[in-house]
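Take a look at the letters that make up each chain.
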Amino acid sequence: GGEEDAGNSVRLSADPAAISRLGPVLFAASSDLVFAFVGTLRLLAPLIMSRRAIVGIGHFLGDYLRGRYLRKTYTRMERVYLRYYELPAAFRALCRTSSQIGILSVLSVVMGWLAGVQSPPCRSEGRGLAFACGLLWMVAVVGAGHACATWVAVWGGPLRIQAAQAHPSGGQRTGVTKVFTRPWHILQWMQNPEEWISTAFNSERTQPFDPNPIIFPMTWVPLRLLLMCAVARVFAIEPSTYRWCDRNVDQVPRLMEQFLIQLALGDEWYRVFFGEKRIGLGISVAFCHLVALLVTIVTSVTISGLSAILMLPSLLAVIVSMW
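Residues numbered from 1 in each chain as written. Predicted model: local features only at pLDDT ≥ 70, side-chain atom pairs only at ≥ 80, totals over all residues. Heavy atoms only, no water.

**A look at the pattern of salt bridges**
Two side chains carrying opposite charge are able to pair once their charged atoms lie near each other.
(1) Moving on: With the rule as written, the count across this model stands at 6 salt bridges.
(2) Moving on: We note a salt bridge from E268 to R96, for which the minimum N-O separation is 2.8 Å. A residue pair is termed long-range when its members are at least 10 positions apart, and E268 in helix α8 (residues 252-275) and R96 in helix α2 (residues 16-115) qualify at 172 residues. Each member of the pair, E268 as well as R96, is classed as buried.
(3) Moving on: The salt bridge partner of R96 is E276, with a shortest N-O separation of 3.4 Å. A residue pair is termed long-range when its members are at least 10 positions apart, and R96 in helix α2 and E276 in the loop between α8 and α9 (279-303) qualify at 180 residues. As far as the burial class goes, R96 and E276 line up, both buried. (Salt bridge = Lys/Arg side-chain N within 4 Å of Asp/Glu carboxyl O. Helix = DSSP H or I, 4+ residues; strand = E, 2+ residues; numbered from the N terminus. Buried < 20%, exposed > 50% of the residue type's maximum accessible area, 1.4 Å probe, protein only.)

**So, the packing of aromatic side chains**
(1) Moving on: This structure, assessed with the given rule, holds 8 aromatic pairs.
(2) Moving on: Consider the rings of F273 and F274, whose centres lie 5.2 Å apart with planes at 80 degrees: the pair is edge-to-face.
(3) Moving on: Overall, F273 belongs to the buried group, its relative accessible area being 9%.
(4) Moving on: By relative accessible area, F274 is classed as buried at 10%.
(5) Moving on: By way of ring pairs, the aromatic residues F216, W269, Y270, F273 and F274 are connected into one cluster. (Phe/Tyr/Trp six-rings, centres within 6.5 Å; stacked < 30°, edge-to-face > 60°.)

**Re the packing of helix α3 (residues 131-155) against helix α7 (residues 221-235)**
(1) Moving on: Look at α3 against α7: their axes get within 8 Å of each other, and the N-to-C directions meet at 135 degrees. The orientation of α3 relative to α7 falls into the category oblique. In this structure, the crossing between α3 and α7 has a hand that is right-handed. Here F131, G134, L135, W137, M138, V139 and V142 of α3 lie close against α7, whose contacting residues are M228, C229, V231, A232, R233 and F235.
(2) Moving on: Taken together, the residues that form the contact of α3 with α7 break down as 11 nonpolar, 1 polar and 1 charged. (Axes fitted to C-alpha atoms, helices over the stretch in contact; angles between N-to-C directions. Parallel < 35°, antiparallel > 145°, perpendicular 65-115°, else oblique. Left-handed = near helix turned anticlockwise from the far one by under 90°. Contact = heavy atoms within 4.5 Å. Nonpolar A, V, L, I, M, F, W, Y, C, P; charged D, E, K, R; others polar.)

**Here's the deal with the environment of G266**
(1) Moving on: Within the fold, G266 resides in helix α8.
(2) Moving on: Counting along the chain gives 26 residues from G266 to A292, while the straight-line C-alpha distance between them is 9.5 Å.
(3) Moving on: With near-sequence residues (within four places) excluded, G266 lies in contact with R224 and H289.

**Details of the nonpolar core**
(1) Moving on: Formed by 45 residues in total, the largest nonpolar core has its most connected members in W137, M138, V231, F235 and W269.
(2) Moving on: Every element with two or more residues in this core is listed here: α2, α3, α7, α8, α9 and α11 (312-322).
(3) Moving on: Here this core gets 11 residues from one element, more than from any other, and that element is α8.
(4) Moving on: Beyond its immediate stretch of four places on either side in the chain, M138 contacts M228, V231, A232, F235 and F259. (Core = buried A, V, L, I, M, F, W, Y, C linked by side-chain atoms within 4.5 Å.)

**Some points on unusual backbone geometry**
(1) Moving on: The backbone of K277 sits at a positive phi, close to 60 degrees, despite the residue not being glycine.
(2) Moving on: Assignment of secondary structure puts K277 in the loop between α8 and α9.

**Re the packing of α7 against α11**
(1) Moving on: The interhelical angle for the contact between α7 and α11, taken along N-to-C directions, is 140 degrees, at an axis separation of 8 Å. Between α7 and α11, the crossing angle belongs to the class labelled oblique. Crossing handedness for the pair α7 and α11: left-handed. From α7, L223, L226 and L227 reach across to α11, where they touch P313, S314 and A317.

Okay, here's the thing in structure tokens:
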């Protein structure tokens, strides 16, 4: 038994020369590890910059694709809005204005014949139109024309005034301001952008558009009466005293036409802005009215600059109302 135990025992011995040979190997391995770590540190900055560049490009592409989708959705909705909402309204306004100009032209001839604006005592050969006759002619034409235009706007079939539908109140608002207060709404917007675009500017506190005409100087009756008096005063100017126009050409018929055109445009602006409550179309009609009024004033200046000064309050009223 003792001999078997002695045969199974293992003896280990270390040679000092072997340890000396193992030291350089460990040192070389440690050096390689340090060099590898230093090399990794050198690549750390390029790796961070590359990662940021890749993430930035990904965000850019994602934002571009989402923005492109939103732009297409908004453009499609805008086209539908213009096709089924604004274009019919603009066509109705154009037809109403054309019909009113035609009615005023017929009334101007009829009232001129009834008032005798081309014969004595209202007007003689080579003389201007009497102030009272010109004012009476304008009052008759404006009154009858306004009654006919009102009838067309109310009972004119497809030309009648069609008020814009107000946005229904109520419901939860998903507004633009919640981008800063509740950023997680962005995910909801991305899921259904059409609903967000249609409800972004609706609020429970949104009131229907119902402007008060008194705050718009274009609707003030005294200014309209002042404009009519100024035009009648220009009518009364003797042709021999015309300032910057041909004295051999009668300027009264042309000034009458210009007055009636700006009158029709002014009445149509009132119907579009206060009747149908369309802001964009109302601004467009107001701009056309401004141009027509400017043409009337320029023609009046060529006849009598002093009388044209009385038209400046009406011009200022149009500018203020547009603003």
